[in-house]
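# Reading the structure
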Amino acid sequence: MKKFLKITLSLLVILVIGYFIYTKYQKTVVFKNVVHIDAESVIKVSIHDIKKTLIFDALSSPKYYWNNAQFSEKKKENDTIEEPEKGIDLLPYALVFYTIKEVENTVFTTFKIDDATFFEAYALRYFKEKNIPVHKEQYNYVIDEKSKMIAAWNSERLSIAFSPNIAYQDCKSIFDDVLLENKLISDRDNFYMDKLRASDDHITYLKGNSEVTLNFRDGKAVLKGMLYSELPRTFKSETSYTTIPNASLQLYIDANFKNDVHKKVVAHVLEGASFFKKNNIEVSTFLSKVNGSFSLAIKGTTTQKDTIITYEYDDNFEKVEIKQIQEKKVPAIMMNISSENKLNDYLTSQGAIQQGVLTAIPYYTFYAKQDALNATFTTVEQDIATQKMTGSYFFSLKTDFRLLQQDISIPKVNKVTTLLESLEINARQGDENKIELRGNLQGMNADINILSQLFFSLQAKDSIL
């Protein structure tokens, strides 16, 4: 018996040592030659650590996982066929994404190809099934419009770019750097690589000295971070806004347009927005009339009248238009935009407000009002009971999913509202140029990892997807 225990203990020690060596090795090599040398920011998704967390969660709550795991009753004949070798590991120890300052709104990632022959066959087969042509130059590349992705590869690496507005020419210089020039970080003592190796968080975002982490825990996801602005006190240390008491959703942001840099950033983001173009609104003129403060609140419902147009044929077989007034229940929404320069007058002159109604948002009727400090838009025609809020956050988002679902009544999100309890994200300017970020997504089941709860919910037959 003693001999058996000694052997067992020795094996456990060997396994622990082996696991330690494996993780140490992976943390050393996984970040090498996958990030561009000019990366502005880096995002690590620690696949290994997430898997480890979920395994321990399954061991501590086996009944939940057993009841929710979907087992196939009968194996199909095709199930016995082995999947062809890919020649690449698409789920490595950790996934690393990065951004480049010169290529806006685009995230890149790099994979090492283990076997060029297998990967080439896999890639050609995969994109052929999706009817996506493969272009051949100094390296191969494809443009997947549906997935907003461009993938390029040679015999050693696969480089992928994700962007809402994908364009090959915008990304070509980065692909050339990665696939032809090998302009990737190989120094293990590089600042970013050193920080990523030291991080045990599930998701880590780095930009200069700024660091934001996201971890999936029992019953919640926790967001934490410290960002650094270029100049001190770029946001106000104390803010105030008007909202609806006990709202199911409250959003507030004060971009502080007294800081010209903030106004320029917002202007750059809004310039291409179709909302402004469709409603004949000049972004620069719009921003000149606001102070950078915006709040949104939802609480309860209200009734609005909607005109339903149908067509019938009269006795002369001529098509005639029939209008019917129908009442519909809509969420009670209030939006406030800080403005001391009569924003509503400008929107009226551009046709975005007609007869006191904001026509720029067609689905609901928003009644427009203006006082000395704010432009207000509400789905409720009469006055709403509001309250003044003050605090140190320049950004705040709070929502109660159960109450929000009662207010907005979207059938397909019922599953989410039974799964999630609340979401809260706050940001405030701390000392000098430090910006503190905190967030918490709370699930209904406090004993099961939030990631597993979301996964099994989406896998269910009555999933929201």
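This structure is a prediction, so every number in the text was calculated from the model and none was measured. Within any chain, residue numbers begin from 1 and follow the written order of that chain's sequence. Owing to the predicted nature of the model, reporting of local features is limited to residues with pLDDT of at least 70; listing and counting of side-chain atom pairs is limited to 80 or more, with chain, interface and lining totals taken over all residues. Each side-chain value is derived from all of the structure's non-hydrogen atoms; neither hydrogens nor water enter the calculation.

A few words now on the overall build of the protein chain. Only DSSP runs of H or I covering at least 4 residues are called helices, and only runs of E covering at least 2 are called strands; the numbering of each starts at the N terminus. Looking only at helices and strands, the protein chain has 13 helices and 22 strands in total. Evaluated residue by residue, the protein chain yields a buried proportion of 39% over its 465 residues. Contact definition: two residues touch when any of their heavy atoms are within 4.5 Å. Long-range pairs, those at least 24 residues apart, make up 66% of the contacts in the protein chain between residues at least 6 apart in sequence. Summed over all atoms, the accessible surface of the protein chain reaches about 28300 Å², with 54% contributed by carbon and sulfur. Three exposure classes are used, based on accessible area relative to the maximum for each residue type with a 1.4 Å probe and protein chains only: buried under 20%, partly exposed in between, and exposed over 50%. Surface accessibility follows the Shrake-Rupley procedure with a 1.4 Å probe radius. Residue values consider only the protein chains on display as shielding.

Quick look at helix 7 (residues 260-270) now. Those residues of helix 7 that fall on the buried side of the exposure criterion are His262, Ala267 and Leu270. The buried residues of helix 7 occupy an angular sector of 135° when projected down its axis, which confines them to one face. Facing away from the buried surface of helix 7 by more than 90 degrees, the exposed residues are Asp260, Lys264 and Val269. In this description, the arc belongs to the directions extending from the helix axis to the C-beta atoms.

For the rest of this paragraph, the subject is the pairing of strand 10 (residues 220-228). DSSP calls a pair of strands paired once it identifies at least 2 bridges connecting them. One ladder, built from seven bridges, connects strand 9 (residues 210-217) with strand 10; its direction is antiparallel. Counted as the bridge partner of Glu211 is Met226 from strand 10.

A few words now on the nonpolar core. In terms of nonpolar packing, the biggest core is built from 31 residues, with Val35, Tyr98, Phe108 and Phe175 touching the most fellow members. No other element matches helix 5 (residues 168-179), which puts six residues into this core. Phe175 has contacts with Phe108, Tyr139, Ile150, Ala152, Ser159, Ile160, Ala161, Tyr168 and Leu180, leaving out every residue within four places of it along the chain. The criterion is simple. A nonpolar core is a set of buried Ala, Val, Leu, Ile, Met, Phe, Trp, Tyr and Cys residues joined through side-chain atoms within 4.5 Å. Within the second largest apolar cluster, 30 residues are counted, among which are Phe257, Ala267, Leu296 and Ala368.

Take the side chain of Thr213 next. Relative to the helices and strands, Thr213 is located in strand 9. The exposure class of Thr213 is buried, given its relative accessible area of 8%.

Once that is clear, we can look at the confidence of the model for the protein chain. Caution applies to low-pLDDT regions: their predicted coordinates should not be interpreted in detail. Confidence of the predictor at the level of single residues is given by pLDDT, which spans 0 to 100. Here the protein chain averages 86 in pLDDT, while 87% of its residues score no lower than 70. Summarising per-element confidence for the protein chain, the mean pLDDT is lowest in helix 1 (residues 2-29) (54) and highest in strand 6 (residues 149-153) (97).

Looking now at helix 4 (residues 116-129). Taking 1.5 Å per residue, 14 residues should reach 20 Å; helix 4 reaches 20 Å between its end C-alpha atoms and fits that length. Restricting attention to buried positions, one finds in helix 4 the residues Phe119, Tyr122, Ala123 and Phe127. The arc that holds the buried residues of helix 4, viewed along the axis, is 115°, so those residues lie on one side. Across helix 4 from its buried face, at more than 90 degrees, point the exposed residues Thr117, Lys128 and Glu129. Expected helix span is computed as 1.5 Å times (number of residues minus one).

In this structure, Asn131 is a non-glycine residue whose phi angle is positive, near 60°. Locating Asn131 in the fold gives a position in the loop between helix 4 and strand 4 (135-136). The phi dihedral of Arg233 is positive, around 55°, even though this residue is not glycine. Here Arg233 is to be found in the loop between strand 10 and strand 11 (239-243).

Let's shift gears to the pattern of salt bridges. For this analysis, a salt bridge means a side-chain nitrogen from Lys or Arg found within 4 Å of a carboxyl oxygen belonging to Asp or Glu. The final tally for this structure, using the stated rule, is 13 salt bridges. Put simply, Glu156 and Arg157 hold a salt bridge, and the shortest N to O gap is 3.7 Å. Judged by its relative accessible area of 48%, Glu156 is partly exposed. Between Lys195 and Glu211 there is a salt bridge, with the nearest N and O atoms lying 3.0 Å from each other. Of the two residues, Lys195 sits in helix 6 (residues 191-198) while Glu211 sits in strand 9, which places them 16 residues apart along the sequence. Here the salt bridges share partners, and the residues they tie into one network are Arg428, Glu436 and Arg438.

To continue, consider the environment of Pro331. By the secondary structure assignment, Pro331 is in strand 14 (residues 319-338). Owing to a relative accessible area of 4%, Pro331 belongs among the buried residues under this scheme. Taking the C-alpha atoms as reference points, Pro331 and Thr378, separated by 47 residues in sequence, lie 9.9 Å from one another. Apart from the residues within four sequence positions on either side, Pro331 is in contact with Ile298, Gly300, Thr301, Thr302, Tyr364, Thr379, Asp407 and Ile408.

A cluster of nonpolar residues, Ile55, Phe56 and Leu59, forms a patch on the protein surface that exposes about 360 Å² of accessible area. On the secondary structure map, Ile55 appears in helix 2 (residues 47-60). The class of Ile55 is exposed, set by a relative accessible area of 52%. What makes a patch is a set of residues exposed beyond 30% relative accessible area and free of salt bridges, joined within 9 Å when like-charged and within 5 Å when nonpolar (Val, Leu, Ile, Met, Phe, Trp, Tyr).

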